[in-house]
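Architecture and fold: a report
Here's the letter readout for the chains.
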Amino acid sequence: MKEGGVVLIVGDSFLVKDKTDTLVKAIQQKATGDVAQQVFDLAETSLETILAQARTLPFLVSAQVFHLRSVQKLKAHDLESLERYLENPCEQTCLFFEADEADRDAGIVKLIEKTGKVFFLSEKEKKSAVTQFIKEKLKRAGKTITPEAVNLLEQDTGDMPSFLDTMLERLIAYAGKNNEITDDLVRRLEENWAHGDVFQMTNAIAERKLDLALKYLKDLMENQEKEVVDLLGILHWQIRKLWLAAVLYEEGEPQGEILRKLRISPKQAPYFTRQIKQFSRKQLEQALEGLFQLDWKMKSGRADGPIALEAWLVSLVG
């Protein structure tokens, strides 16, 4: 792929990142110097502003890549601006439009297909990419993983495998000298999480005790050895469990079967079932989406971790 150009990548965020990383790496290999990268949210920055910046290279770089999210925010006049830009684009700038979903006959798709490339990434590709990512990450750490353990990790990350890296880091540390990651090891790590401050925090959230929830969050952030973004993975794991339970309840699954499917221990069962009754499915889905957006903003430097995480918690309790 040449340095200049326009690309639209549609699919799960994990797949989109994997695809963009591959394409950017190809650009870097062909570039004669450094390649600058910037991330823009089209809900916050106008496309006109971005396109104006796209025509000028930063000092001492040979090419630049713009990652553009929230494609659904584009209006008709934005597409007209993009069309004018693409008539005479900057050859050293590549625009990556990244979307979770888009219709194949959407205006942005048809426009980019004329001069650039459009990739629709499938669910089958996601499962394959997730499995490969798990194996490669553990291989670099000198560990192997059983198929059963892979299945458990895939279930835990579900539709948001962007948190998978955090879970694997925790699992590698938890495994210690054990060279093989087994399903039993994954379950023991989950049990360890379930008895910690994360569970107590979600319990405080469920009971609408904001001060207590904030206290547990503060304790968690102070005890984190790594960045706050690692904490998002654990929070996502716990909230997703509650969401899955809510879905199964709506589908008429017996309580005992739900607890079995979600691997909830007898000791935790009473607390877990009480939490489920305190949240609606919509609230849990909003909480998960909030964590996903927060993860992206923190990784792209668009949000202050502790402050943004507190804001997420307050919005959930309120």
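In short, a report on the structure. Predicted model, so just to flag it, every value in this text is computed and none were measured.

1. Some remarks on the overall build of the chain
- Along its length, the chain carries 15 helices and 7 strands.
- Counting across all 318 residues of the chain, residues that qualify as buried make up 49%.
- In the chain, once contacts between residues fewer than 6 apart in sequence are set aside, the share between residues at least 24 apart is 76%.
- Carbon and sulfur atoms form 49% of the exposed surface of the chain, whose accessible area is close to 16,200 Å².

2. Quick notes on the sheet that holds strand β3 (residues 63-69)
- Strand order in the open sheet made by the 5 strands is β2-β3-β4-β1-β5, with parallel pairing throughout. The sheet is open, and its two borders are formed by β2 (35-41) and β5 (117-120), each paired with just one other strand. If you compare each strand with its neighbour and ignore which way they point, the axes differ by 15° on average.
- Direction of pairing for β3 relative to strand β4 (residues 93-99): parallel, over a ladder of 5 bridges. Paired with L68 across the two strands is F97, which belongs to β4.
- Helix-sheet contacts for helix α1 (residues 13-30) involve β1 (5-10), β2, β3, β4 and β5, and the interaxial angle to β4 is about 170°.

3. Quick word on the environment of L316
- Structurally, the position occupied by L316 is in helix α15 (residues 305-317).
- Using a relative accessible area of 9% as the deciding quantity, one classes L316 as buried.
- Separated by 37 residues in sequence, L316 and F279 place their C-alpha atoms 9.8 Å apart.
- Sequence-distant contacts of L316, defined by excluding residues within four places in its chain, comprise I205, F279, Q283 and A287.

4. Notes on the packing of aromatic side chains
- The full count for this structure, using the stated rule, is 1 aromatic pair.
- Where F40 meets F66, the ring centres are 5.1 Å apart and the plane angle is 70°; that geometry is what we call edge-to-face. With F40 in strand β2 and F66 in strand β3, this residue pair connects regions lying 26 residues apart in the sequence. Judged on exposure class, the residue F40 and its partner F66 are both buried.
- For the cation-ring pair, R104 lies above F120, with the distance from its terminal atom to the ring centre recorded as 4.0 Å.

5. Side note on α1
- Helix length check: α1 (18 residues) gives 26 Å between terminal C-alpha atoms against 26 Å at 1.5 Å per residue, within 8%.
- Among all positions of α1, only S13, F14, L15, V16, T20, L23, V24 and I27 are buried.

6. With respect to the pairing of β3
- Burial analysis of β3 places 7 of its 7 residues in the buried class, which makes it a mostly covered element.
- Side chains A63, V65, H67 and R69 of β3 all project onto a buried face; the interleaved residues Q64, F66 and L68 project onto the opposite face, where all are buried too.
- By the bridge criterion, 7 bridges tie β2 to β3 in an arrangement that is parallel. Bridge pairing in β3 links F40 to L68.
- For the crossover that starts at β2, traverses helix α2 (residues 47-54) and ends in the parallel β3, the hand is right-handed.

7. So, the environment of L294
- In this fold, L294 is placed in helix α14 (residues 281-299).
- Take L294: its relative accessible area is 7%, and that puts it in the buried class.
- For the pair formed by L294 and W312, sequence separation is 18 residues and the distance between their alpha carbons is 8.3 Å.

8. Details of the nonpolar core
- M201, L309 and W312 are the most contacted members of the largest nonpolar core, which has 42 residues in total.
- When contributions to this core are tallied by element, the ones reaching two or more residues are α9 (197-206), α10 (210-223), α11 (228-250), α12 (255-261), α13 (269-278), α14 and α15.
- Looking at this core element by element, the count peaks at 12 residues for α11.
- Each residue touching L309, except ones within four places of it in the same chain, is listed here: L217, M221, V228, L231, L232, L235, L291 and L294.
- Counting 35 residues, the second largest nonpolar core, distinct from the first, contains V35, L164, M167 and A175.

9. Observations concerning the packing of helix α3 (residues 76-87) against helix α4 (residues 107-115)
- Two elements in contact, α3 and α4, have axes whose closest approach is 11 Å; the angle formed by their N-to-C orientations is 0°. Classified by the angle between their axes, α3 and α4 sit roughly parallel to one another. Taken together, the residues of α4 that come into contact with α3 (itself represented by L79, L82, E83 and L86) are G107, I108, L111, K114 and T115.
- For the contact of α3 with α4, the class distribution of residues is 5 nonpolar, 2 polar and 2 charged.

10. A few points about α2
- Of the positions making up α2, those classed as buried are L47, I50, L51 and A54. Down the axis of α2, the buried side of the element spans an arc of 95°, and every buried residue falls inside it.
- Close packing links the buried residues of α2 with β2, β3, α3 and β4.

11. Digging into the pattern of salt bridges
- Counted according to the given criterion, the structure contains 11 salt bridges.
- We note a salt bridge from K137 to E169, for which the minimum N-O separation is 2.7 Å. Of the two residues, K137 sits in helix α5 (residues 123-140) while E169 sits in helix α7 (residues 164-175), which places them 32 residues apart along the sequence.
- Look at K137 and you get buried, because its relative accessible area is 12%.

The rules behind these values
Residues numbered from 1 in each chain as written. Predicted model: local features only at pLDDT ≥ 70, side-chain atom pairs only at ≥ 80, totals over all residues. Heavy atoms only, no water. Helix = DSSP H or I, 4+ residues; strand = E, 2+ residues; numbered from the N terminus. Buried < 20%, exposed > 50% of the residue type's maximum accessible area, 1.4 Å probe, protein only. Contact = heavy atoms within 4.5 Å. Areas by Shrake-Rupley, 256 points an atom, 1.4 Å probe, with all protein chains shown as cover. Pairing = 2+ DSSP bridges. Axes fitted to C-alpha atoms, helices over the stretch in contact; angles between N-to-C directions. Phe/Tyr/Trp six-rings, centres within 6.5 Å; stacked < 30°, edge-to-face > 60°. Lys NZ or Arg CZ within 6 Å of the ring centre and 35° of its normal. Expected span 1.5 Å × (residues − 1). Right-handed = clockwise from strand over helix to strand, strands pointing away. Core = buried A, V, L, I, M, F, W, Y, C linked by side-chain atoms within 4.5 Å. Parallel < 35°, antiparallel > 145°, perpendicular 65-115°, else oblique. Nonpolar A, V, L, I, M, F, W, Y, C, P; charged D, E, K, R; others polar. Arc of directions from axis to C-beta. Salt bridge = Lys/Arg side-chain N within 4 Å of Asp/Glu carboxyl O.

The quantities given are spatial measurements derived from coordinates; they are silent on function.
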